[in-house]
Amino acid sequence: MRIKICGITQPQQGKAIADLGATALGFICVTTSPRYVTIKQIQAVVEKLPSKVDSIGVFANTRPEKIKQAVVDGGLTGVQLHGDESPEFCQQLRESLPEVEIIKALRISTATDFDKAAIYNLCVDTLLVDAYHPQQLGGTGKTLDWQLLQNFQPSCPWFLAGGLTPHNILEALSQVKPTGIDLSSGVERAPGDKDLQKVAQLFEKLGNR
Ligand SMILES: O=C(O)c1ccccc1NCC(=O)[C@H](O)[C@H](O)COP(=O)(O)O
């Protein structure tokens, strides 16, 4: 299973989290986020990572030229679109960055929001299902109703996100069968400052998954 830890800001923490077993790290490129990092900060983390660890830039309603620049300069292997990007936008970005994983986040508030998966899975590599919050785009710590996700099987790989912690991860995975999981605030001391003990606890809970 892929395990993505999002909202990395510090090189030592990124390296330690990769050593603990994360398969992907996420970098928040949304300036309004308390976890925002510059390209320079991303470079400083990425250069310490083993090449097998994916580096995902998280964007929201950002111009394609800016995303492409961040991919090149930051050494990103993937792009996560966390705003209101249309399927057409995703498709165009995918065509212009063919080597880069395109992930579309779906922020779910009602069961009908899942219908979007059938459209987006045609134009992205991976989906990420997150909880909806009226004021915040992500990193909210809010959990989804996992029961709604019991039969969720899009035709592309997908991450479960939203309020996952070392305490609730096994309960979540007993109900939902995603390809990967994504955690941020559930393994933090403060926004952007990861708690390595909580990350270690997460991997202990996950065992060999
Ligand atoms: O984390 C942020 O601050 C953020 C800001 C703007 C857009 C997206 C953001 N995070 C995206 C993520 O992938 C988070 O890991 C995801 O929302 C889950 O967060 P959490 O509920 O805290 O585990």
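What counts, and at which threshold
Residues numbered from 1 in each chain as written. Predicted model: local features only at pLDDT ≥ 70, side-chain atom pairs only at ≥ 80, totals over all residues. Heavy atoms only, no water. Axes fitted to C-alpha atoms, helices over the stretch in contact; angles between N-to-C directions. Helix = DSSP H or I, 4+ residues; strand = E, 2+ residues; numbered from the N terminus. Left-handed = near helix turned anticlockwise from the far one by under 90°. Contact = heavy atoms within 4.5 Å. Nonpolar A, V, L, I, M, F, W, Y, C, P; charged D, E, K, R; others polar. UniProt positions renumbered as here; feature names shortened; annotations may be inferred. Buried < 20%, exposed > 50% of the residue type's maximum accessible area, 1.4 Å probe, protein only. Pairing = 2+ DSSP bridges. Right-handed = clockwise from strand over helix to strand, strands pointing away. Salt bridge = Lys/Arg side-chain N within 4 Å of Asp/Glu carboxyl O. 1 Å grid on protein atoms, 1.4 Å probe; cavity = no way out; pocket = protein on both sides within 12 Å on 5 of 7 lines; lining within 4 Å. Points joined across faces, edges and corners; volume = space filled by probe spheres on them.

Regarding the packing of helix α2 (residues 39-46) against helix α3 (residues 64-74)
Okay, so step 1: Their axes nearest at 9 Å, the elements α2 and α3 cross at an angle of 35 degrees. Both α2 and α3 take part in a crossing whose hand is right-handed. Counting all contacts with α2, which are made through I39, I42, Q43 and V46, the residues of α3 involved are A70, D73 and G74.
Okay, so step 2: Looking at side-chain class alone, the contact of α2 with α3 contains four nonpolar, two polar and one charged residues.

Overview of the UniProt feature "domain: N-(5'phosphoribosyl) anthranilate isomerase (PRAI)" (unreviewed entry) in the chain
Okay, so step 1: Mapped onto the present numbering, the UniProt feature "domain: N-(5'phosphoribosyl) anthranilate isomerase (PRAI)" (unreviewed entry) falls at residues 3-204.
Okay, so step 2: The distance from the first to the last C-alpha atom of residues 3-204 is 13 Å, and the span holds 30% helix and 22% strand.

A look at the pairing of strand β5 (residues 101-108)
Okay, so step 1: For β5, the tally of buried residues reaches eight of eight residues, placing the bulk of the element in the interior.
Okay, so step 2: Bridging between strand β4 (residues 78-81) and β5 involves four bridges; their strand directions are parallel. Bridge assignment links V79 to a residue of β5, and that residue is I102.
Okay, so step 3: Crossover β4 to β5 through helix α4 (residues 87-96) is right-handed.
Okay, so step 4: Alignment of β5 against strand β6 (residues 126-131), held across six bridges, turns out to be parallel. Note on β6: the bridge partner recorded for R107 is D130.
Okay, so step 5: A crossover links β5 with its parallel partner β6, the connecting element being helix α5 (residues 115-120), and its sense is right-handed.

Section: the pattern of salt bridges
A side chain of one charge can pair with a side chain of the opposite charge when the charged atoms of the two come close.
Okay, so step 1: Evaluated as defined, the whole model comprises 12 salt bridges.
Okay, so step 2: Linking D182 and K4 is a salt bridge whose minimum nitrogen-to-oxygen distance equals 2.4 Å. Within this pair, whereas D182 is found in strand β8 (residues 180-183), its partner K4 is found in strand β1 (residues 2-6), the two being separated by 178 residues in sequence. Each member of the pair, D182 as well as K4, is classed as buried.
Okay, so step 3: R107 is paired through a salt bridge with D84; the nearest N and O atoms lie 3.6 Å apart. With R107 in strand β5 and D84 in the loop between β4 and α4, the pair connects residues that are 23 residues apart, well separated along the chain.
Okay, so step 4: Since its relative accessible area comes to 16%, R107 is described here as buried.

As for the layout of surface pockets
Okay, so step 1: Empty space within the largest pocket amounts to approximately 420 Å³.
Okay, so step 2: Taken together, 28 residues line the largest pocket, and the ones lying closest to its centre are R35, L137, G138, G139 and T140.
Okay, so step 3: Residues of the lining of the largest pocket, tallied by class, amount to 10 nonpolar, 15 polar and three charged.
Okay, so step 4: In this model, the second largest pocket occupies a volume close to 280 Å³.
Okay, so step 5: Among the elements that make up the lining of the second largest pocket, the one with the highest residue count is α3 (three residues).

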